[in-house]
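# Residue-level structural notes
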Amino acid sequence: MTQAQRIVAIIVAAGTGVRAGGAVPKQYARIGGRPMIAYSHDAFAAHPAIAETIVVVAEGQQAMAVDALGRDVTIVVGGATRRESVANGVAAVGGATHVLIHDAARPFLPAAVIDSLVAALKIRDAAIPVLPVTDTLARGSGLLGDIVPRADLNRVQTPQAFAVEALRAAHAVWPADEEATDDAQMVRRLGVGVALVQGSAMLEKVTHPEDFAAAEARVAYETRTAMGFDVHRLETGEELWLGGVLIPHDKGLSGHSDADVALHALTDALLGTIAAGDIGTHFPPSDQQWKGADSAQFLQHAAKLIADKHGRIDFVDLTIMCEAPKIGPHRAAMTARIADLLGLTLDRVSVKATTTERLGFTGRGEGIAAQAVATIRLPGSPL
């Protein structure tokens, strides 16, 4: 990119997404735990040649765009058609010399495609990514007709790159009663040569419900497992909280919070999966606001940190070590409480108990220990 060039990306996301059949417009539906639109927005934001990214949304979808992309996102309200939405986006590019127009329904945007388009803009006023047609093509409806030669046929993708003035000129003369499926045909009708660059199979469009399963399969997940361990002393006069459940007993656990050793161990295990320190890092015992606090909020805080990274908790396993009380009668209640706190089904929460055969501090009834293991998945780059 020369010094005089300023390239702005425009993501067209003003559709209703009705063919996808979801509860929200498809551009905000989640793939790999993230809104679909976030993938291409991040790809543009990370590319050094792109000065700014503008998102064109339908009226009433501004809040959804902010939720998906953050409050610093640049939003423009689109029009009744894709052509009008692009025009509204182009009107907002300010002093940009070039634009890349991209469909939000193509989430997985390789940096190599952006590189090729930016390079093409050095010598052309328009460029688009394409893939060759590899399937046999034939005419006919019900019966096979003539084969269509495919030697010079291409599948057209986005983003499509243009000099701003060429694109504005094409929009200015396009008939108001005629719609265009993309901007390349508009500038081509104006007489502008459109360069073809190598597209990518990653840029498959997500349109129908079955496309989401294919897109989900493209997201690479990293599985992480971590362990947590905690110990608290048993003392007379304290309440005994274990696994988020108040258990009748002649003694309770002593600690700065409610001393729920089971939830503390689970919290540390979850924090460990994202290398976020331990429970004392986030809730220091020296801070008086946590005195007597419900440990459920510690566990949910760790779960939120994982969710903020678009991670998923797959499974948690908890082992409580004590001579008394007996854990068996309370196991189901603990499992249900932990599952509720973490938003998991019961079969993803394991609660076990053991004694230490009267050995050590747990064997002498001086305290209770807990060990937990958590397994999560974090989305990485698309495959």
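First, a word on what this report is: a plain description of the structure on this page.

Cut-offs applied
- Residues numbered from 1 in each chain as written.
- Predicted model: local features only at pLDDT ≥ 70, side-chain atom pairs only at ≥ 80, totals over all residues.
- Heavy atoms only, no water.
- Buried < 20%, exposed > 50% of the residue type's maximum accessible area, 1.4 Å probe, protein only.
- Helix = DSSP H or I, 4+ residues; strand = E, 2+ residues; numbered from the N terminus.
- Pairing = 2+ DSSP bridges.
- Core = buried A, V, L, I, M, F, W, Y, C linked by side-chain atoms within 4.5 Å.
- Contact = heavy atoms within 4.5 Å.

### Re the pairing of strand 1 (residues 7–13)
Of all seven residues in strand 1, seven are buried; the element is thus mostly enclosed. With burial as the criterion, each face of strand 1 is covered, one bearing Ile7, Ala9, Ile11 and Ala13 and the other bearing Val8, Ile10 and Val12. Strand direction decides the pairing type here: strand 1 and strand 6 (residues 98–103), joined by six bridges, are parallel. Among the inter-strand pairings, Ile7 is bridged to a residue of strand 6, identified as His98. Pairing geometry for strand 1 and strand 4 (residues 50–57), over seven bridges, is parallel. Of the residues in strand 4, the one forming a bridge with Ala13 is Val57.

### Concerning the environment of Asp135
Examined against the element boundaries, Asp135 turns out to sit in the loop between strand 7 (126–132) and strand 8 (137–138). Counting along the chain gives 15 residues from Asp135 to Arg150, while the straight-line C-alpha distance between them is 8.3 Å.

### Here we look at the nonpolar core
If you look at the biggest cluster of nonpolar residues, it comprises 42 residues, and the most contacted ones within it are Leu270 and Val316. The set of elements that each furnish at least two residues to this core consists of strand 14 (240–242), strand 15 (245–247), helix 8 (261–273), helix 10 (296–308), strand 17 (312–321), helix 11 (331–342), strand 18 (349–354) and strand 19 (367–382). Broken down by element, the residue count for this core peaks at eight residues, all from helix 8. Sequence-distant contacts of Val316, defined by excluding residues within four places in its chain, comprise Leu266, Leu270, Ile338, Leu342, Leu344, Arg348, Val349, Ser350, Val373 and Ala374. Ranked by size, the runner-up nonpolar core spans 32 residues in total, among them Tyr28, Val57, Ala161 and Ala195.

It is worth stressing that arrangement in space is one thing and function is another; only the former is reported here.
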